Amino acid sequence: MMPRSTSYHEKLIQDLQNPLEAAAYIEVILEEGDPKMLSKALQNVIEAHGGVDQLSTPVKELYNKLDQMLSDKGEIEFYSLNSLLDALGLHLAVTVKP
C-alpha cells in the first residue's frame, strides 16, 4: 500500500507555521496586488497558527476589518498604497519580528 500523499493545502499550512515562510508568502502575495489572494493568504497564515479562535479579540476585530476591506470597494484604496510606493521606488515588506 502506497503512503498517502500530503495535499497542497496541508503542506502549505505546515510550511506557514515557520515565521520566515509566512513572511515570504505574504510578501509575494502583496507583490501580486490581488486583494482576494491577500485575503486567502491571511486566512492560511491564521490557520497555520491555530485558526481565528486563537487570536485575541482586538486582533480578530482587526482581521475582520481588513478582510472586509479587501472584499469590498476598499480594495482599491489598499492597493493604491502599493502603487504609490512603487512610483516612489519603494515597496511593502513583511519580516519576522525579532
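Residues numbered from 1 in each chain as written. Predicted model: local features only at pLDDT ≥ 70, side-chain atom pairs only at ≥ 80, totals over all residues. Heavy atoms only, no water.

Chemist: Sorry if this is basic, but what is going on with the overall build of the protein chain here?
Modeler: Helices and strands together make up the secondary structure of the protein chain, namely five helices and zero strands. Shown N-terminal to C-terminal, the secondary structure of the protein chain runs as helices and strands in the order α-α-α-α-α. Counting the 98 residues in the protein chain, one finds 26% classified as buried. When contacts within the protein chain are restricted to residue pairs at least 6 apart in sequence, those whose partners lie at least 24 apart make up 55%. On the protein chain, roughly 7300 Å² of surface is accessible, and the fraction owed to carbon and sulfur atoms is 59%. (Helix = DSSP H or I, 4+ residues; strand = E, 2+ residues; numbered from the N terminus. Buried < 20%, exposed > 50% of the residue type's maximum accessible area, 1.4 Å probe, protein only. Contact = heavy atoms within 4.5 Å. Areas by Shrake-Rupley, 256 points an atom, 1.4 Å probe, with all protein chains shown as cover.)

Chemist: Teacher, can you tell me more about the pattern of salt bridges here?
Modeler: Two side chains that carry opposite charge are able to pair once their charged atoms sit near each other. In the structure shown here, the tally under the stated rule is one salt bridge. When the shortest N-O distance is used, the salt bridge between Lys 11 and Asp 15 registers 2.8 Å. Of this pair, Lys 11 and Asp 15 both sit in helix H1 (residues 8-15), four residues apart, which is roughly one turn of that helix. (Salt bridge = Lys/Arg side-chain N within 4 Å of Asp/Glu carboxyl O.)

Chemist: Any chance you could explain the layout of surface pockets here in plain terms?
Modeler: Here the idea is plain: a probe the size of a water molecule rolls over the atoms and shows the empty space left. Empty space within the largest pocket amounts to approximately 460 Å³. What lines the largest pocket is a set of 17 residues, among which Ala 22, Leu 42, Val 45, Ile 46 and His 49 lie closest to the centre. The set of elements that each furnish at least two residues to the lining of the largest pocket consists of helix H2 (19-32), helix H3 (35-48) and helix H4 (57-71). Of the residues that constitute the lining of the largest pocket, the class distribution is 14 nonpolar, three polar and no charged. (1 Å grid on protein atoms, 1.4 Å probe; cavity = no way out; pocket = protein on both sides within 12 Å on 5 of 7 lines; lining within 4 Å. Points joined across faces, edges and corners; volume = space filled by probe spheres on them. Nonpolar A, V, L, I, M, F, W, Y, C, P; charged D, E, K, R; others polar.)

Chemist: Which parts of the structure should I look at to understand the side chain of Ser 39?
Modeler: Within the fold, Ser 39 resides in helix H3. At a separation of 2.4 Å, a polar atom in the side chain of Ser 39 contacts the side chain of Asp 67. In this view, Ser 39 contacts Asp 67 and Leu 70; residues no more than four positions away in its chain are not counted. (Polar contact = N/O pair within 3.5 Å; in protein donor to acceptor, adjacent residues only side chain to side chain.)

Chemist: I tried to follow the environment of Asp 67 on my own but got confused; where do I start?
Modeler: Here Asp 67 shows up in helix H4. Each C-alpha atom, one on Asp 67 and one on Leu 38, is 8.9 Å from the other, the two residues being 29 residues apart in sequence.

Chemist: For this particular structure, what's the right way to read the packing of H1 against H3?
Modeler: Packed helices, taken two at a time, are described by the angle between their axes plus the distance between the axes. Running from N to C, H1 and H3 point in directions that differ by 70°, and their axes come no closer than 8 Å. Taken together, the axes of H1 and H3 are roughly perpendicular relative to one another. Crossing hand, H1 versus H3: right-handed. In this structure, H1 uses His 9, Leu 12 and Ile 13 to contact H3, whose residues at the interface are Asn 44, Glu 47 and Ala 48. Split into classes, the residues belonging to the contact of H1 with H3 amount to three nonpolar, two polar and one charged. (Axes fitted to C-alpha atoms, helices over the stretch in contact; angles between N-to-C directions. Parallel < 35°, antiparallel > 145°, perpendicular 65-115°, else oblique. Left-handed = near helix turned anticlockwise from the far one by under 90°.)

So far we have only geometry, and geometry alone does not tell us how the molecule works.
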